Amino acid sequence: MTDHRQVILTTLRGNTAVLPFSMLRTSSATDLSDALLRASQLRDVGFFGDTASKCRLQVLFRGRPVLSLGDLTSKEDLSCYHLSLRLPILGGTDRQNRVGSKFGGGGVSSSQNQERERKERLKQLALESIDLAKDPYLMRNHLGTYECKLCLTLHTNEANYLAHTQGKKHQQGLARRAHMEKLKAEKEGTSLPTPSSSSTAPTTRPTKRIRIGRPAYQVFKSRDADTNQRCLSFELSFPEIEEDLQPRHRFMSAFEQKVESPPDRRFQYLLFAAEPYETVAFKIPNDPIDKEPGRFVTHWDAEEKKFTVTLYFVENAAPGGSN
């Protein structure tokens, strides 16, 4: 019985050939793709020779690979079979033969790769030289992540935190903190220890003076008989004052003091200080003080240890004037 079935073959280059099905049956090729190529006597330049010996062509029927004629006839019995050839590509993207790279060098490294390698090197150096147990700025929160208390940043693991410690932001924070501590030490009158200084060298610290309480005082209010100016006289006793010392006084505005809040601009404060007594202050009206001769008098009695201040207010003047 004559077999009238046909095979229409489309090659990789788009060449087409019509073959009788019986010719494929009598072919001596063991592979279906070789049998189709021999029967059609078609040659696609560029897909044969060395490439054909390394890569095996695939025969597709309706988009699915077919290994033998038996697989083709077992699926459907048709009068015409449309077949196509496909060459699988082995390997992935060629990163070795890129422009500017040497043979066997693996290609030119991009800026992102260089930055990633730099961070990895810094991370390995930090792991070898830094002990995280002694780092005062590392804190592990309740979420299991790590937090830098100096820069207020979050990190997923210790390696990420170590890479952060080698960065610009953390180093600037350390320098700023060292400068602040140096200024604070200079303000308190102490010096920070340096590695070169001897451990046996004495450090100078400000001596704390013991306060013995507030001085006894008396306040007298009066008016001048001629000018009708208000007068205040303050008399304070300092029997335990240190030798060769004299009490000091000064005026303080309501906005300068930190005891009463909110400040009241209608008043000001007159302060008296003498070692080893506590500093005392008197709240007086915030009116201009008369600085004419004989109107503002201070006197220190060294024998009785009494300090007296007498002042007069300027009448008919706007409050809050110059003292």
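Look up: the structure comes first, before these words.
Per-chain numbering applies: the sequence of each chain, read as written, is numbered from 1 onward. Given that the model is predicted, a residue must reach a pLDDT of at least 70 before its local features are reported, and side-chain atom pairs must reach 80 or more before they are shown or counted; all residues, however, enter totals for whole chains, interfaces and linings. Each side-chain value is worked out from all heavy atoms of the structure, with water and hydrogens disregarded.

### A look at the packing of aromatic side chains
Put simply, the test is: Centres within 6.5 Å are what make two rings of Phe, Tyr or Trp a pair, Trp counting through its six-membered ring; a difference in plane orientation under 30 degrees is then read as stacked, over 60 as edge-to-face, and the rest as tilted. Strands are runs of DSSP state E lasting at least two residues, helices are runs of H or I lasting at least four, and both sets are numbered from the N terminus onward. We call a residue buried when its accessible area falls under 20% of the maximum for its residue type, exposed when it is over 50%, and partly exposed in between, using a 1.4 Å probe and counting protein chains only.
Evaluation of the coordinates by the stated rule reveals seven aromatic pairs. An angle of 45° between the planes, with centres 5.0 Å apart, marks the rings of F234 and F282 as tilted. Residue F234 is found in strand β10 (residues 230-237), and its partner F282 is found in strand β13 (residues 280-285); the two are separated by 48 residues along the sequence. The same class applies to F234 as to F282, namely buried.

### Section: unusual backbone geometry
Between S261 and P262 the backbone carries a cis peptide bond, its omega angle lying at 0°. Its location among the elements puts P262 in the loop between β11 (248-253) and β12 (267-273). The residue after E275, namely P276, is reached through a cis peptide bond having omega 5°. With respect to the helices and strands, P276 occurs in the loop between β12 and β13. Positioned with a positive phi, N228 is a non-glycine residue whose angle comes to about 60°. Among the secondary structure elements, N228 is positioned in the loop between β9 (216-223) and β10. For N228, a relative accessible area of 45% corresponds to the partly exposed category.

### Remarks on the sheet that holds β11
Note the following rule: At least two DSSP bridges between two strands are required for those strands to pair. For helices, the fitted line uses only the C-alpha atoms of the stretch in contact; every axis is such a line through C-alpha atoms, and the angle between N-to-C directions lies from 0 to 180 degrees.
Spatially, β11-β12-β13 is the arrangement adopted by the three strands of the open sheet, whose pairing is antiparallel. Two strands lie at the open edges of the sheet, namely β11 and β13, each paired on one side alone. Sheet twist, expressed as the average angle between the axes of neighbouring strands with direction ignored, equals 25°.

### Describing helix α7 (residues 168-188)
Note the threshold: Any helix carries an expected span of 1.5 Å times its number of residues minus one. Taking the helix axis as origin, the arc is that swept by the directions to the C-beta atoms. Throughout, a residue-residue contact means that at least one pair of heavy atoms, one from each residue, lies within 4.5 Å.
Taking 1.5 Å per residue as the helical rise, α7 with its 21 residues ought to reach 30 Å, and the 31 Å between its terminal C-alpha atoms agrees with that figure. Considered for burial, the residues of α7 that qualify are H170, G173 and A185. Down the axis of α7, the smallest arc covering the buried residues is 105°, so these residues share one side. Exposed residues on α7 whose side chains face more than 90 degrees from its buried face are K168, E186 and K187. At its buried positions, α7 is contacted by β7 (146-148) and α6 (158-165). After α7 finishes, the residue G189 shows a positive phi value of roughly 85°.

### Topic: the pattern of salt bridges
Between side chains of opposite charge, pairing is possible as soon as their charged atoms come close. Quick reminder of the rule: The working definition used for a salt bridge is a side-chain nitrogen of Lys or Arg within 4 Å of a carboxyl oxygen of Asp or Glu.
A complete count under the given rule lists nine salt bridges for this structure. In this structure, the salt-bridge partner of E278 is R214, at a minimum N-O distance of 3.8 Å. Note that E278 is positioned in the loop between β12 and β13 and R214 in the loop between α7 and β9, a separation of 64 residues in sequence. The class of E278 is partly exposed, set by a relative accessible area of 33%. Linking R295 and D224 is a salt bridge whose minimum nitrogen-to-oxygen distance equals 3.2 Å. Taken together, the residues R295 in the loop between β13 and β14 (296-301) and D224 in the loop between β9 and β10 connect sequence positions 71 residues apart.

### A look at the nonpolar core
Note on soluble globular proteins: their nonpolar side chains tend to be buried together. Put simply, the rule reads: The definition of a nonpolar core used throughout is a set of buried Ala, Val, Leu, Ile, Met, Phe, Trp, Tyr and Cys residues joined through side-chain atoms within 4.5 Å.
One finds F234, L236, F238, F272 and L311 to be the most contacted residues of the largest nonpolar core, which totals 18 residues. Among the secondary structure elements, those contributing two or more residues to this core are β10, β12, β13 and β15 (306-312). In contact with F234, other than residues within four places in its own chain, are Q218, V219, L270, F272, F282, I284, F307, T308, V309 and L311. By size, the runner-up hydrophobic cluster in this structure holds 17 residues, among which are V7, L24, L36 and V59.

### Looking at the environment of F238
Assignment of secondary structure puts F238 in the loop between β10 and β11. The exposure class assigned to F238 is buried, which follows from its relative accessible area of 1%. On a C-alpha basis, the gap between F238 and E304 in space is 8.5 Å, while along the polypeptide they are 66 residues apart. Those residues in contact with F238 that lie beyond four places of it in its chain are P215, P247, A274, Y277, W300, K305 and F307.

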